[in-house]
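Now for the letters of each chain:
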Amino acid sequence: MNYFSSNFKLGILGGGQLGKMLLNDTRKFDIYTCVLDASNEAPCKIASNEFHLGDLMNYDAVYNFGKQVDVLTIEIENVNVDALEALEKEGVKVYPASKTLRTIQNKATQKLFYVDNNLPTAPFSRFAYTSEIKETISHGGLTMPFVWKCAQFGYDGTGVKIVKTLQDLEGLPNVECIAETLVPFKNELAVIVVRNPSGDTKTFPVVEMEFHPEANQVEYVICPARIPDEIAKKATEIALKTSEAFNHVGLLAVEMFQTQNDDILINEVAPRPHNSGHQTIEASYTSQFEQHLRAILDLPLGRTDNKVGGVMVNLVGAEGYIGNVVYKNIEAIMKMDGVTPHIYGKKQTRPFRKMGHVTIVNEDLNEARRIAEAVKKSIKVISK
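What this report covers is the structure whose coordinates are included nearby. Bear in mind that the values here come from a model prediction, so they are computed numbers and not experimental data.

Criteria and cut-off values
Residues numbered from 1 in each chain as written. Predicted model: local features only at pLDDT ≥ 70, side-chain atom pairs only at ≥ 80, totals over all residues. Heavy atoms only, no water. Helix = DSSP H or I, 4+ residues; strand = E, 2+ residues; numbered from the N terminus. Rg over C-alpha atoms; globule rule 2.2 N^0.38 Å. Buried < 20%, exposed > 50% of the residue type's maximum accessible area, 1.4 Å probe, protein only. Contact = heavy atoms within 4.5 Å. Areas by Shrake-Rupley, 256 points an atom, 1.4 Å probe, with all protein chains shown as cover. Lys, Arg positive; Asp, Glu negative; His and termini not counted. Charge placed at Lys NZ, Arg CZ, Asp CG, Glu CD. Pairing = 2+ DSSP bridges. Right-handed = clockwise from strand over helix to strand, strands pointing away. Phe/Tyr/Trp six-rings, centres within 6.5 Å; stacked < 30°, edge-to-face > 60°. Axes fitted to C-alpha atoms, helices over the stretch in contact; angles between N-to-C directions.

### Some words on the overall build of the chain
Thinking step 1. Across its full length, the chain carries 11 helices and 21 strands.
Thinking step 2. In summary, the chain has a C-alpha radius of gyration of 21 Å against a globular reference of 21 Å for 384 residues, a match within 12%.
Thinking step 3. C-alpha atoms of the chain, sized along the principal axes, occupy 65 × 55 × 45 Å.
Thinking step 4. Each of the 384 residues in the chain was classed as buried or not, and the buried ones make up 55%.
Thinking step 5. In the chain, the proportion of contacts linking residues at least 24 apart, taken out of those at least 6 apart, comes to 62%.
Thinking step 6. With the model as given, the accessible surface of the chain reaches about 16,700 Å², and the carbon-plus-sulfur share is 48%.
Thinking step 7. Side-chain charges of the chain comprise 41 positive and 47 negative groups, with the mean position of each set lying 3 Å from the other.

### Here's the deal with the pairing of strand β2 (residues 32-37)
Thinking step 1. Within β2, five of the six residues are buried, which leaves it mostly tucked inside the rest of the structure.
Thinking step 2. By the bridge criterion, five bridges tie strand β1 (residues 9-13) to β2 in an arrangement that is parallel. Of the residues in β2, the one forming a bridge with Gly11 is Cys34.
Thinking step 3. Remark: the β1/helix α1 (residues 17-29)/β2 crossover connection has right-handed handedness.
Thinking step 4. Pairing analysis gives four bridges linking β2 to strand β3 (residues 50-53), with the strands arranged parallel. Bridge pairing in β3 places Val35 opposite Phe51.

### Observations regarding the packing of aromatic side chains
Thinking step 1. For the coordinates displayed, the defined rule picks out seven aromatic pairs.
Thinking step 2. Look at Tyr3 and Phe4: their rings are 6.4 Å apart centre to centre, the planes differ by 90°, and that puts the pair in the edge-to-face class.
Thinking step 3. The class for Tyr3 is buried, based on a relative accessible area of 11%.
Thinking step 4. In this structure Phe4 comes out as partly exposed when scored by relative accessible area, which is 32%.
Thinking step 5. Summarising the aromatic geometry, the rings of Phe185 and Phe257 are spaced 5.1 Å apart at their centres and angled 20° between planes, so their arrangement reads as stacked.

### Quick notes on the sheet that holds strand β7 (residues 146-150)
Sheets are built from strands paired through backbone hydrogen bonds, the pairs being either parallel or antiparallel.
Thinking step 1. Pairing within the open sheet is antiparallel, and its four strands lie in the order β6-β9-β7-β8. Edge positions in the sheet fall to β6 (124-127) and β8 (160-163), since each has one partner strand and no second. For this sheet, the mean angle separating the axes of adjacent strands, direction not counted, is 20°.
Thinking step 2. Across the sheet, helix α5 (residues 107-116) lies against β6, β7 and β9 (177-181), angled at about 140° from β6, the strand it touches most.

### Some remarks on the sheet that holds strand β17 (residues 323-328)
Thinking step 1. Reading across the sheet, the three strands line up as β19-β17-β21 and stay open at both edges, with antiparallel pairing between neighbours. Looking at the sheet topology across the chains shown, the edges are occupied by β19 (348-349) and β21 (380-383).
Thinking step 2. Of the pairings in the sheet, the one linking β17 to β19 comprises two bridges and is antiparallel in character. When the bridges of β19 are listed, Asn324 appears paired with Gln348.

### Thoughts on the environment of Val311
Thinking step 1. Note that Val311 resides in strand β16 (residues 309-316).
Thinking step 2. Expressed as a C-alpha distance, the spacing of Val311 and Gly338, which sit 27 residues apart in the sequence, is 10 Å.
Thinking step 3. Not counting chain neighbours up to four residues away, the residues in contact with Val311 comprise Tyr220, Val221, Ile222, Val358, Thr359, Ile360, Leu365, Ala368, Arg369 and Ala372.

### Here we look at helix α9 (residues 288-296)
Thinking step 1. Along α9, eight of the nine residues are buried, which leaves the element largely enclosed by surrounding structure.
Thinking step 2. Tucked inside the fold, the buried residues of α9 contact β1, α1, β4 (71-74), β10 (185-195), β14 (250-259) and α8 (280-283).
Thinking step 3. Phi for Asp298, located one or two positions after α9, is positive at around 55°.

Below, the structure written as structure tokens:
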């Protein structure tokens, strides 16, 4: 099929920043795009060929949208999987597949998938309701500390809490959840695997992630990770094994812990472009977004290694500010060598909302990390 400057239509479920960055590459290739999102102010609205307003969890909205396109992909996991399954049966190409999404959407189901496929992950217990946890603790079936995670609809640090005392359970939503053993780790790592329908597979270099201690969001992504080669090899092999188990098409970001004993444990996966791959836009030969397009369209996969060391800094809303966004000191960071800001187009800021990111590239990765720290201290995402 001719995808370029043709009648072919690519559908994207979700109109957020990941979709916006994906559209940069569809524009580059002149691929016609249709986007579905529930917000009339979605970042994707101005860059897509067609923008459709609709609830991503609504069966009819997703089904009717999908019937109008040739290939359907996602930029967010929370979509109606029943509609995707129906579209697949009617011949629409859906990547990632509905089966993969159904497993990944629920953290309990996702963890069971790792166990069933002999993939290393932290021990966990599954609960129908958070209220069941206290009783389990009182009977000795669960010990603290542990990590509480809601099974569905968690994102960007929400739906996750470290539980050290019974009081930490107070105020948590009474929903299906898991209690996961708190892993003492050296590093949080991620590997992005890319695979097309023909079975061609490539991996991006292992990245190291530094998280904000309160928001549980990634603050810095460092590529390549500052780890021994044998650890990088182990992480890459586990990511490839995970990809093979899912038999996925497109991108699969595999987030992992490197334990104190240098074991690698899978934390969770995302079957789409991911925060851990944003630095690829400036630092890699092929960005994760172009690579996702190549994969879902069954085109040859691009080169995945780095041209230069890269560090990504997330720009999130500062605490205490809600309203029309202002990027304070953005001119100051643009004076720094190798610094490129990406602004997502969200007009309203609130504490810890992802509003953009900044990539720092440098031949010396330690120098890139130093500049990243200066960027983080300089720019502030506030409101008028």
